[in-house]
Amino acid sequence: MRAVLMEKGKLWVENIKTPQPGRGEVLVSTKACGICGSDLHAAKHTSDFVQTSIETGGAFKLTTFDPVVLGHEFCAEVVEHGPKTDKTHAVGQRVCTIPFLLQSARYHLAVGYSTETPGGFAEHMVLSERMLLPVPTGTPATAAALTEPLAVGYHAVMKAQLQGDEAVLVLGCGPVGLAVITALKAQAMAPIVAADFSSGRRTFATAQGANWV
């Protein structure tokens, strides 16, 4: 399969071996994949990124300088079921998932940040069946690929445990800040105040529901 590989900031397209789904896994084809800020950091500051991952044991564990296939904000389509799967999602079903491949109850690999688990910048990926979420019929793949970053914003709003009578300030209106504003608006929170140096991002913030920018 064709894939974009990254090694210490260098990016190139190459044909690599298509991964095979193992127990409880499915093979999918990538339909759309976003470029996360973490991907940009990993490519531009690989040494610092790897060192920080090792020191903190964070969720995105790029701990290798070997070539990896990045991409964890994706929409994919089921191609093949591996052994011991329930076939919950039929071949052809479009899906999204948290970008982790579950190897056991306590061990997982971050999709896109490991030499073992290519991410969405490849034609195919292997994903854990029990973590898949079906994409509603008619949803464009490019929109479904926003599920992961939107989930980050929603998660932040849920962790804030807002009571409903607060004024909320969002500092920074990049993709995650906009996701926070979107989640706040969906929860009918107001007023929402958004701050950013960029006039373009302030315009986006207003469109997503900010009351003042």
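Please refer to the structure placed before this passage.
What this report covers is the structure whose coordinates are included nearby. (Residues numbered from 1 in each chain as written. Predicted model: local features only at pLDDT ≥ 70, side-chain atom pairs only at ≥ 80, totals over all residues. Heavy atoms only, no water.)

## A few points about the overall build of the protein chain
Line of reasoning, step 1. Summing up its helical and strand segments, the protein chain has six helices and eleven strands in all.
Line of reasoning, step 2. Computed over the C-alpha atoms, the radius of gyration of the protein chain is 18 Å, within 12% of the 17 Å expected from 2.2 N^0.38 for a compact globule of 213 residues.
Line of reasoning, step 3. Considering only C-alpha atoms, the protein chain reaches an extent of 50 × 40 × 30 Å along its principal axes.
Line of reasoning, step 4. Relative to its full complement of 213 residues, the protein chain shows a buried share of 41%.
Line of reasoning, step 5. Restricting the contact set of the protein chain to residue pairs at least 6 apart, pairs at least 24 apart contribute 65%.
Line of reasoning, step 6. A total accessible area of about 11800 Å² is found for the protein chain, and carbon and sulfur atoms account for 55% of it.
Line of reasoning, step 7. Between the centroid of the 17 positive side chains of the protein chain and the centroid of its 18 negative side chains there is a distance of 2 Å. (Helix = DSSP H or I, 4+ residues; strand = E, 2+ residues; numbered from the N terminus. Rg over C-alpha atoms; globule rule 2.2 N^0.38 Å. Buried < 20%, exposed > 50% of the residue type's maximum accessible area, 1.4 Å probe, protein only. Contact = heavy atoms within 4.5 Å. Areas by Shrake-Rupley, 256 points an atom, 1.4 Å probe, with all protein chains shown as cover. Lys, Arg positive; Asp, Glu negative; His and termini not counted. Charge placed at Lys NZ, Arg CZ, Asp CG, Glu CD.)

## Examining the packing of aromatic side chains
Line of reasoning, step 1. Within this structure, the stated rule accounts for one aromatic pair.
Line of reasoning, step 2. Consider the rings of phenylalanine 49 and tyrosine 113, whose centres lie 5.7 Å apart with planes at 20 degrees: the pair is stacked. Taken together, the residues span a long stretch of sequence, with phenylalanine 49 in helix H2 (residues 46–56) and tyrosine 113 in the loop between strand E7 (108–110) and strand E8 (124–128) at a distance of 64 residues.
Line of reasoning, step 3. You can call phenylalanine 49 buried: its relative accessible area is 15%.
Line of reasoning, step 4. Here the basic side chain of lysine 10 rests over the ring of tryptophan 12, its NZ or CZ set 5.2 Å away from the ring centre. (Phe/Tyr/Trp six-rings, centres within 6.5 Å; stacked < 30°, edge-to-face > 60°. Lys NZ or Arg CZ within 6 Å of the ring centre and 35° of its normal.)

## Some points on the environment of serine 29
Line of reasoning, step 1. Along the chain, serine 29 falls in strand E3 (residues 25–34).
Line of reasoning, step 2. Here serine 29 falls in the buried class, since its relative accessible area comes to 10%.
Line of reasoning, step 3. Among all residues touching serine 29, those that are not within four sequence positions of it are Cys75, Ala76, Glu77, Val79, Glu123 and His124.

## Some remarks on the layout of surface pockets
Line of reasoning, step 1. Quantified by volume, the largest pocket comes out at close to 450 Å³.
Line of reasoning, step 2. Lining the largest pocket are 19 residues, and of these Glu73, Pro149, Pro175, Val176 and Ala179 sit closest to its centre.
Line of reasoning, step 3. Of all the secondary-structure elements, those providing two or more residues to the lining of the largest pocket are helix H1 (37–44), helix H4 (147–160) and helix H5 (175–186).
Line of reasoning, step 4. When residues in the lining of the largest pocket are grouped by element, the largest group, five residues, is from H5.
Line of reasoning, step 5. Residues of the lining of the largest pocket, tallied by class, amount to eleven nonpolar, six polar and two charged. (1 Å grid on protein atoms, 1.4 Å probe; cavity = no way out; pocket = protein on both sides within 12 Å on 5 of 7 lines; lining within 4 Å. Points joined across faces, edges and corners; volume = space filled by probe spheres on them. Nonpolar A, V, L, I, M, F, W, Y, C, P; charged D, E, K, R; others polar.)

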